[in-house]
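Coordinate analysis (summary)
For reference, the chains in residue letters:
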Amino acid sequence: MAFEGLKFIGGHNYTVLSIAVTSASNARIISGAENGELAVWTPDGLNLHKICIGEGDVTSALCSFLYPEIFYVSCGNKIYGYDLRQMNMPLCEFDSKDEEINQIVLNKDETYLGSANDSGNINIFNLTAKKIHTVLKKHSNICSSIGFFPNHSWSMISGAYDSTLIQWDFKKSRSFCMINLEEFGTLLEDLDSFIVSPSFVHSLAISCMGNYLACGTENGLVHVFDSSRKTLHFKKTLRHHTQGVSQVHFPKFSGDQYVVSGGNDGRICLWDLNQELSHGVALANGCSGDEQANATQSIHTPNFEICHDEKVNWLTTCDINGSKYLAIADNSSCPLLYKLPL
């Protein structure tokens, strides 16, 4: 499907790596790029701020939902909090004392902030005490993505380039479930286009109500798990991308219905889980592996698709004055905003 995107010009000189949108009525788009570039925009593409926050790359951006003027970004191995009303200096700063940060996330109450690091470690910061709470260590390769479950206190998930998902009780600093994704979505005899690539985890997303987890992998797959219970239960693998799935995202305005995936192939797909999970569902428990997780899988057709020109580095969605939008960071220096037909 052909979509025209609004290109934001003039805020960056380098590749845009991350993007986020504030929840305020006067929404602002936050974009981060290589070499410490940070920009703030209006939805019509007006650049309000352009600053350099450090020597590293701005790999992740995150907006507070409870405090619409506050946002966080990661740059190198540091995390900065900013207030849009006073952009001349950071509101707070955390040093992970680790390797480069790949993603930062907030828990539901916004009392804890987590970072996924190149070392494979996950750092959890106590925002109230403004200090490190714990460091979670179990992955044997780059930790690319993490998330807090909104419906399970002290529970979170991490994914890494070791092809595993790990569920954690971060209060006790221990893991209680590990899933090997090499066992999922493979061995399809009739799928000529199957991608022979590692099942590295690129991106994780938890639905707004906490009932589903989506996982995007290097071998072009989107795995969907039931996360309504304490441990994950496999539901289905969605197949449409021809290269690695770099991003998955649940729009806040859709509850648990839609998930968006973006890939290195430039494809951006919106999936209706109400439709996808109503047929061909494999009810395997991801932790126990009691059933074959590759049952009843096939090529799927998303609800709609945007054929983007560039590899997707980051994506998010927002509701601005009643209209639904998709914000994209790609391999160019210009963020984009697409209006969604929802």
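Residues numbered from 1 in each chain as written. Predicted model: local features only at pLDDT ≥ 70, side-chain atom pairs only at ≥ 80, totals over all residues. Heavy atoms only, no water.

Concerning the overall build of the protein
Put simply, the rule is: Helical segments are the DSSP runs of H or I of at least four residues, strand segments are the runs of E of at least two, and each set is numbered from the N terminus. In this scheme, a residue with accessible area under 20% of its type's maximum is buried, one over 50% is exposed, and one in between is partly exposed, where area comes from a 1.4 Å probe on protein chains only. Only heavy atoms enter the contact rule, under which two residues are in contact if any of them lie within 4.5 Å. Accessible areas in this description were obtained via Shrake-Rupley with a 1.4 Å probe; residue shielding takes into account the shown protein chains only.
Looking only at helices and strands, the protein features one helix and 29 strands. Counting across all 342 residues of the protein, residues that qualify as buried make up 60%. In the protein, 49% of the contacts between residues at least 6 apart in sequence involve partners at least 24 apart. A total of about 14,100 Å² of accessible surface is found on the protein, and carbon and sulfur atoms cover 46% of it.

Structural notes on the packing of aromatic side chains
Stated formally: Two rings from Phe, Tyr or Trp (for Trp, the six-membered ring) form a pair when their centres sit within 6.5 Å of each other. Planes less than 30 degrees apart are called stacked, planes more than 60 degrees apart edge-to-face, and all others tilted.
Tallied over the full model, the rule gives 11 aromatic pairs. Plain terms: the ring middles of F8 and W41 are 5.2 Å apart, the flat faces sit at 45° to each other, and that makes the pair tilted. Of this pair, F8 sits in the loop between β1 (5-7) and β2 (16-21) while W41 sits in strand β4 (residues 37-41); the two residues are 33 residues apart in sequence, bridging distant segments of the chain. Residues F8 and W41 agree in their burial class; the two are buried. An angle of 55° between the planes, with centres 5.0 Å apart, marks the rings of W154 and F170 as tilted.

Observations concerning the sheet that holds strand β22 (residues 245-249)
Our working rule: Here, strands pair whenever DSSP counts at least two bridges between them. Only C-alpha atoms enter the line fits that serve as axes; for helices the fit covers just the stretch in contact. Angles between N-to-C directions range over 0 to 180 degrees.
Sheet architecture is open: four strands sit in the order β22-β23-β24-β26, paired in antiparallel fashion. The two strands at the open ends of the sheet, each matched to only one other strand, are β22 and β26 (304-307). Across the sheet, the axes of successive neighbouring strands diverge by a mean angle of 15°, strand direction being ignored.

Observations regarding the environment of H12
In plain terms, the rule: As used in this structure description, the phrase polar contact means that two N or O atoms lie within 3.5 Å; if the pair is within protein, one of them must be able to donate a hydrogen and the other to accept it, and residues adjacent in sequence are counted only when both atoms belong to side chains.
Residue placement: H12 occurs in the loop between β1 and β2. A distance of 2.7 Å separates polar atoms of two side chains, one belonging to H12 and the other to S31.

Structural notes on the side chain of D256
Under the convention used in this document: Neither His nor the chain ends is counted toward charge; the positive residues are Lys and Arg and the negative residues Asp and Glu. Basic side-chain nitrogens of Lys or Arg form a salt bridge, by our definition, when they fall within 4 Å of a carboxyl oxygen of Asp or Glu.
Tracing the sequence through the fold places D256 in the loop between β22 and β23 (258-263). The side chain of D256 sits in the buried core without any salt bridge; K252 is the nearest counter-charge, 10 Å away. Polar contacts involving the side chain of D256 include one to the side chain of N211, which spans 2.7 Å.

Some details on the sheet that holds strand β8 (residues 78-83)
Spatial ordering of the open sheet is given by β6-β7-β8-β9, a layout of four strands whose pairing is antiparallel. In the strand order of this sheet, the two ends are held by β6 (58-63) and β9 (92-95), each with one partner. Taking each pair of neighbouring strands and ignoring which way they run, the sheet shows an average axis angle of 15°. Inspection of the sheet shows strand β7 (residues 70-75) paired to β8 by six bridges, in the antiparallel sense.

Quick word on a positive patch on the surface
Under the convention used in this document: Exposure above 30% relative accessible area and the lack of any salt bridge qualify a residue for a patch; like charges then connect within 9 Å, and the nonpolar side chains Val, Leu, Ile, Met, Phe, Trp and Tyr within 5 Å. Note that the charge is assigned to NZ on lysines, CZ on arginines, CG on aspartates and CD on glutamates.
A surface patch of positive charge is lined by K171, K172, R174 and K230. Among the structural elements, R174 can be located in strand β17 (residues 174-180).

Brief notes about the pairing of strand β21 (residues 233-239)
Looking along a regular strand, one sees the side chains alternate between the two faces of the sheet. Here β21 lies mainly inside the structure; seven of its seven residues are buried. In this sheet, β21 lies alongside strand β20 (residues 221-226) in antiparallel orientation, the contact comprising six bridges. Its bridge partner lying in β21, F225 is registered against F234.

Regarding the pattern of salt bridges
Pairing between side chains of opposite charge can happen when the charged atoms of each approach one another. For the structure shown, the criterion picks out six salt bridges. Between D319 and K324 there is a salt bridge whose closest N-O contact spans 3.0 Å. D319 sits in the partly exposed class, given a relative accessible area of 39%.

Some remarks on the environment of K78
Residue position: K78 is located in strand β8. When its relative accessible area of 27% is taken as the criterion, K78 is described as partly exposed. Considered as a pair, K78 and E100 are 22 residues apart in the sequence and their alpha carbons are 8.2 Å apart. With sequence-adjacent residues up to four places away left out, K78 is seen in contact with V73, E93, F94, D95 and I101.

Here's the deal with the confidence of the model for the protein
Heads up, the condition is: Every residue gets a pLDDT, meaning the predictor's confidence in that residue, from 0 to 100.
The pLDDT averaged across the protein works out to 91; a share of 90% of its residues lies at or above 70. Note on residues 189-193: pLDDT under 50 across the span, and three contacts to partners over four residues away in sequence or across chains. Counting interchain partners and residues more than four positions distant, the pLDDT-below-50 stretch residues 281-285 has 18 contacts.

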